[in-house]
Amino acid sequence: MVEIKKIIQAIQKNKSFIITAHMNLEGDALGSELAVYRMLKKIGKKVSIINHDHTPAIYKFMPSSGVVKNEMTEEKVDVAIVLDCSDPYRPGRVKDYLSRAKLIINIDHHISNTYFGDINWVEPLQSSTCQMLYTLCERMKLMDKDIATCLYTGIYTDTGKFSYSNTNSETHRVVAELMDYKIVPTAIHEALSSVCVPDDMSFISKVLGSLQFDDNQQICWAAIDNWVEGDYDLTEIIFSVMRLLKDVEVFVLFKRLEEKRIRVNFRSRAVVDVNRIAKFFGGGGHKRASGTTIEDTLYNTEKKVMDFIKRFTNGKAKRI
Ligand SMILES: [Mn+2]
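All chains use their own residue numbering, which begins from 1 and follows the written sequence. For this predicted model, a pLDDT threshold of at least 70 governs which residues receive local features, and a threshold of 80 or more governs which side-chain atom pairs are given and counted, while totals over whole chains, interfaces and linings are taken from all residues.

## What to know about the overall build of the chain
Runs of H or I in DSSP of at least four residues are treated as helices and runs of E of at least two as strands, each being numbered from the N terminus. Broken down by element type, the chain carries 10 helices and 11 strands. In terms of overall dimensions, the chain has a C-alpha envelope of 60 × 40 × 40 Å along the principal axes. Across the 320 residues that make up the chain, the buried fraction comes to 40%. Contacts spanning at least 24 positions in sequence make up 68% of the contacts within the chain whose residues lie at least 6 apart. Comment: burial labels come from other C-beta atoms within 10 Å of the residue's own C-beta, placed from the backbone, where a count of 20 or more is buried, 12 or fewer is exposed, and between is partly exposed. Residues are scored as being in contact if the C-beta atoms we place from backbone atoms lie within 7 Å.

## Thoughts on the pairing of strand S1 (residues 16-20)
Both faces of the sheet carry side chains from a regular strand, because those side chains alternate between them. Across the five residues that make up S1, a large majority, four, are buried. For S1 and strand S2 (residues 46-49), the ladder comprises four bridges, and the chain directions are parallel. The residue of S2 that forms the bridge with Phe 17 is Val 47. Seen with the strands pointing away from the viewer, any crossover whose path from the first strand over the helix to the second strand runs clockwise is right-handed. Crossover S1 to S2 through helix H2 (residues 27-42) is right-handed. Between any two strands, pairing holds if DSSP finds at least two bridges. Note: S1 against strand S3 (residues 77-83), four bridges, orientation parallel.

## Section: unusual backbone geometry
Within the chain, Lys 141 stands out as a residue other than glycine whose phi angle is a positive 55 degrees. The exposure class of Lys 141 is exposed, given the 7 C-beta atoms found within 10 Å. For Lys 161, which is not a glycine, the phi torsion comes out positive at approximately 60 degrees. Along the chain, Lys 161 falls in the loop between helix H4 (145-158) and helix H5 (169-179).

## Section: the sheet that holds strand S5 (residues 119-122)
Strand order in the open sheet formed by five strands is S2-S1-S3-S4-S5, and the pairing between neighbours is parallel. In this open sheet, the two edge strands, each paired with only one partner strand, are S2 and S5. Taking each pair of neighbouring strands and ignoring which way they run, the sheet shows an average axis angle of 15 degrees. One ladder, built from six bridges, connects S3 with strand S4 (residues 101-108); its direction is parallel. Residue pairing in the sheet places Val 77 in a bridge with Ala 101 of S4. Note on geometry: axes are lines fitted to C-alpha atoms, helical ones only across the stretch in contact, with angles between N-to-C directions running from 0 to 180 degrees. Where helix H1 (residues 2-13) meets the sheet, its contacts fall on S3, S4 and S5, and the angle it forms with S5 comes to roughly 130 degrees.

## Some points on the packing of H4 against helix H6 (residues 185-193)
Two elements in contact, H4 and H6, have axes whose closest approach is 11 Å; the angle formed by their N-to-C orientations is 55 degrees. With respect to H6, the axis of H4 lies oblique. Between H4 and H6 lies a crossing of right-handed hand. Residues Thr 149, Tyr 152, Thr 153, Tyr 156 and Thr 157 of H4 lie in contact with H6, whose contacting residues are Pro 185, Ile 188 and Leu 192. The classification used treats Ala, Val, Leu, Ile, Met, Phe, Trp, Tyr, Cys and Pro as nonpolar, Asp, Glu, Lys and Arg as charged, and all other residues, Gly among them, as polar. Its residues assigned to classes, the contact of H4 with H6 comprises five nonpolar, three polar and no charged. An angle counts as roughly parallel when it lies under 35 degrees, as roughly antiparallel when it exceeds 145, as roughly perpendicular when it falls between 65 and 115, and as oblique in every other case. By the definition used in this description, the sense in which the near helix is turned from the far one sets the handedness, with an anticlockwise turn below a right angle giving left-handed and a clockwise turn giving right-handed.

Here is the structure:
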């Protein structure tokens, strides 16, 4: 692994760093950022985390979560470390700050990664960016309980609590090592499982009441015209209920963020490559989880995406 060596050298040689990850922060993005932040702090580097979005409430239990900023105050910085991002647009507004860095390090596990950095460490077979960072952290001999807590959180969320197909023996070996640092998995599980407030429940029930299906009942979707980004991200909750449907292969959520700005999330159970579907519409991600944002009305977006998926799967998602 030549890239990991280059990254360690770049960290040792340079003094000031910014860290960022993708918009719509989740466990792997934040866990990666906070782990790298603490690693760099431990060896005396000047470092800040800058994100497009505010930190969702459920992740505030992570050590150092309070240091995250939304604006960059530094004029120049030696290195920008971009985590869990398949392309340089995923950090949203923070993309404009990347030119203030002399060097960009791209660490990611998305198969759709565009190798946009000066150093690109990309491993699509790894469950999460946090699983990759475990190796970096151990090589640098910087692991401690707080870093282990952040890394465990990212692996836990990106593997759907160790249930998705990206979970392999290496994932469990890494988690076993992390547990040796006396992290408290039950507390992490509790923090990540208490994920909404009463108002969210009625919203979720309306979405579930509006689910639509293709003729073969293998594709399930919902078009939501009043999506509000609240304290809690309801996307995964809704998908987790949709996944209870036997024999459904593809799950899609259309979320109207603005009149002509629709976030589309794709999930598949076992067969359909939803990364290819997202890519067709300018997005990306993984084979089993991907997304894109489309500048059009909710009605038009739903129609063109669903037409495409039905053609793509030939009406028989199981046989693809
Ligand atoms: Mn990830």
